[in-house]
Amino acid sequence: MEVRFVSRRLPASRMILGALFLGALAQPASADEIEVEPLVDARLQLETLEVESLPETSEALTLRIRTGAEATRGRWTARLEGQANIAIVDNFADGLDGVTDRPIIADPENLALYQAYLGYEAPGFAAKVGRQEIGLNDERFIGTAPIRQNAQNFDAVRAVWTGVEGLTIDASYAWAFRPFWGRDGFGSRPESVGGDNVFVNVAVETGLGTLTGFAYIVDLDDENAQSFRLSSRTFGARLDGKQEVGGGLAVSYLASFARQSDSGRNPNDYTADFLVVEANAHTGGWKLGAGLEILGADEGQPFASFQRPFNTGLKFLGLAGRFLPTPPDGLRDYYAAAAFAPGDVGALEKVTLKAAVHHFTSDRELRVYGNELDLVASADIADTNVALRYADYRESGFSADTQRFMFQLGWIY
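These figures come from a predicted structure and were not determined experimentally.

Draft legend 1. Focus on the overall build of the protein chain. If you tally the helices and strands in the protein chain, you get one helix and 19 strands. The C-alpha radius of gyration computed for the protein chain amounts to 22 Å, which stays within 12% of the reference 22 Å derived for 413 residues, consistent with globular compactness. If one aligns the C-alpha atoms of the protein chain with their principal axes, the spans along those axes are about 70 × 55 × 50 Å. Across the 413 residues in the protein chain, those meeting the buried criterion constitute 46%. Counting only contacts in the protein chain whose residues sit at least 6 apart along the sequence, the fraction spanning at least 24 positions is 59%. Of the accessible surface of the protein chain, which amounts to about 18,800 Å², a share of 57% is contributed by carbon and sulfur atoms. Treating the 37 positive side-chain charges of the protein chain as one cloud and the 56 negative ones as another, the clouds have centres 2 Å apart.

Structure below.
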């Protein structure tokens with residue numbers, strides 16, 4: 001058996017650690033080659049969060065490190081990846097420490113196994129089993145919440161079939177969901193929530209774009225997870241496409257509708273709808289667009305509105321995060337955004353600038369909730385990714401004025 005390391009400018013000690021992860025793949029009598037790729041992903045994140053209704057501001061400086069190895073032999077892949085999050089400046093409430101005089105920055109210190117899976121890939125088929133990331137479509141429903149240092153993942157089996165051109169069937173069964181609270185999570189902010197969760201996407205390529213039908217069944221076993229009120233059945237469809245208009249102008253668009261109802265041991269009896277429509281114009285590095293996202297409500301009871309417990313929070317509905325979970329009367333987000341990607345600017349590579357404005361109302365009775373401005377800038381400097389984010393939410397009948405600032409330095413080797 002031959003073992004070949006794929007070097008990524010890492011010390012030999014990391015390659016040795018990777019070699020220790022070959023047990024499931026190695027067969028002494030085989031001449032097949034095993035490739036081992038060491039993994040290192042580090043991110044330093046500074047975040048401040050000010051909420052007018054609380055007397056103190058949270059200030060956090062955290063360092064997240066993921067390291068491990070991925071071994072590949074023929075069609076098989078095994079990945080083992082650990083994660084540590086260290087608070088360098090811990091002047092913040094992390095959601096687990098009982099601090100109540102300042103807002104929560106959900107990046108508690110953590111040391112845990114992040115991914116551990118066995119994968120198989122053949123023409124037209126791929127599968128993974130074990131602890132893994134799952135992100136579907138734009139992660140409005142199922143995602144990893146990568147903006148948080150600990151992120152979130154699933155203990156699951158996932159299979160993707162692409163045996164017919166233009167057709168993709170993506171199905172997962174997750175018996176545990178691991179949110180970003182880490183190994184010290186407890187109560188309503190647990191380390192892990194068991195259940196029987198099924199995610200199915202069937203996507204077809206059409207002349208207008210990708211048409212996807214989806215079904216997401218959430219059935220959680222832990223009563224601490226909002227007394228089972230997050231268990232639901234969601235069925236819907238989405239169309240996502242882009243067309244060249246001419247003269248350097250292109251138009252992209254998104255339309256999606258879904259209906260959600262209670263499931264499993266959920267004590268609520270409800271039905272709520274979801275809708276998003278969005279259009280963007282692309283020209284000369286610019287992207288200008290607007291949209292409407294609606295999370296419907298039934299009769300105004302808590303958790304009887306459209307809920308998305310596994311989505312990537314802060315990616316949608318404003319960076320300030322004032323609408324997680326969905327309010328009892330639902331939510332409407334009227335938004336517009338402008339983004340500019342000039343490419344390389346001096347030593348800065350892949351520069352991107354974005355500004356977005358949001359106007360929020362309830363879905364029931366259309367009460368005004370507030371407005372938000374979000375600003376994002378990112379670029380690469382050699383092997384370092386730099387990102388700045390700022391959110392300013394001004395309430396008008398819901399929650400409290402909120403300002404969030406984030407600065408990230410990331411390295412992947």
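Draft legend 2. Seen up close, the packing of aromatic side chains. The final tally for this structure, using the stated rule, is 22 aromatic pairs. An angle of 70 degrees between the planes, with centres 5.9 Å apart, marks the rings of phenylalanine 141 and phenylalanine 306 as edge-to-face. Of the two residues, phenylalanine 141 sits in the loop between β6 (125-132) and β7 (153-161) while phenylalanine 306 sits in the loop between β14 (286-295) and β15 (331-345), which places them 165 residues apart along the sequence. Across the pair, exposure class does not vary: phenylalanine 141 and phenylalanine 306 are buried alike. Ring centres of phenylalanine 323 and tyrosine 393 lie 5.8 Å apart, and the angle between their planes is 90 degrees; on these two criteria the pair is classed as edge-to-face. Pair noted here: phenylalanine 323 is in the loop between β14 and β15 and tyrosine 393 is in strand β18 (residues 384-395), with a separation of 70 residues, a long-range link. In this structure, phenylalanine 323 and tyrosine 393 share a single accessibility class: buried. Each member of the aromatic cluster is reached from another via a ring pair, and the members are Phe141, Phe154, Phe177, Phe199, Phe214, Tyr216, Phe274, Phe306 and Phe310. Above the ring of tyrosine 114, the side-chain terminus of arginine 66 is found at 3.9 Å from the ring centroid.

Draft legend 3. Geometry of the pairing of strand β8 (residues 167-178). Here nine bridges tie β7 to β8, and the two strands are oriented antiparallel to one another. Opposite arginine 158, over in β8, you have serine 172 as the bridge partner. Linking two consecutive strands that pair antiparallel, namely β7 and β8, is a turn of five residues; a positive phi of about 85 degrees is found at glycine 166 within it. With 10 bridges joining them, β8 and strand β9 (residues 193-206) adopt antiparallel strand pairing. Along β9, the bridge assignment pairs serine 172 with phenylalanine 199.

Draft legend 4. Local environment of the confidence of the model for the protein chain. In the predicted model, the protein chain carries a mean pLDDT of 92, and the fraction of residues at 70 or more is 92%. Contacts of residues 1-24 to residues separated by more than four positions or lying in other chains number 51 contacts, the stretch itself having pLDDT below 50.

Draft legend 5. Focus on unusual backbone geometry. With an omega dihedral of 0 degrees, the bond running from leucine 324 to proline 325 counts as a cis peptide bond. For proline 325, the location among the structural elements is in the loop between β14 and β15. Phi at alanine 145 takes a positive value of approximately 50 degrees, unusual for a residue other than glycine. Take alanine 145: it is sitting in the loop between β6 and β7. Accessibility expressed as a relative area gives 2% for alanine 145, which makes it buried.

Draft legend 6. Quick look at the pattern of salt bridges. By the definition in use, this model includes 23 salt bridges. Measuring nitrogen to oxygen at the nearest pair gives 2.8 Å for the salt bridge that ties aspartate 363 to arginine 332. On the criterion of sequence distance, the pair formed by aspartate 363 in the loop between β16 (348-361) and β17 (368-381) and arginine 332 in strand β15 is long-range, its members being 31 residues apart. Aspartate 363 gets classed as buried once you look at its relative accessible area, which sits at 18%. On the basis of relative accessible area, arginine 332 is assigned to the partly exposed category, the value being 22%. Here the salt bridges share partners, and the residues they tie into one network are Asp138, Arg140, Arg238, Asp240, Glu293 and Arg308.

Each value, and the rule that gives it
- Residues numbered from 1 in each chain as written.
- Predicted model: local features only at pLDDT ≥ 70, side-chain atom pairs only at ≥ 80, totals over all residues.
- Heavy atoms only, no water.
- Helix = DSSP H or I, 4+ residues; strand = E, 2+ residues; numbered from the N terminus.
- Rg over C-alpha atoms; globule rule 2.2 N^0.38 Å.
- Buried < 20%, exposed > 50% of the residue type's maximum accessible area, 1.4 Å probe, protein only.
- Contact = heavy atoms within 4.5 Å.
- Areas by Shrake-Rupley, 256 points an atom, 1.4 Å probe, with all protein chains shown as cover.
- Lys, Arg positive; Asp, Glu negative; His and termini not counted.
- Charge placed at Lys NZ, Arg CZ, Asp CG, Glu CD.
- Phe/Tyr/Trp six-rings, centres within 6.5 Å; stacked < 30°, edge-to-face > 60°.
- Lys NZ or Arg CZ within 6 Å of the ring centre and 35° of its normal.
- Pairing = 2+ DSSP bridges.
- pLDDT = per-residue confidence, 0-100.
- Salt bridge = Lys/Arg side-chain N within 4 Å of Asp/Glu carboxyl O.

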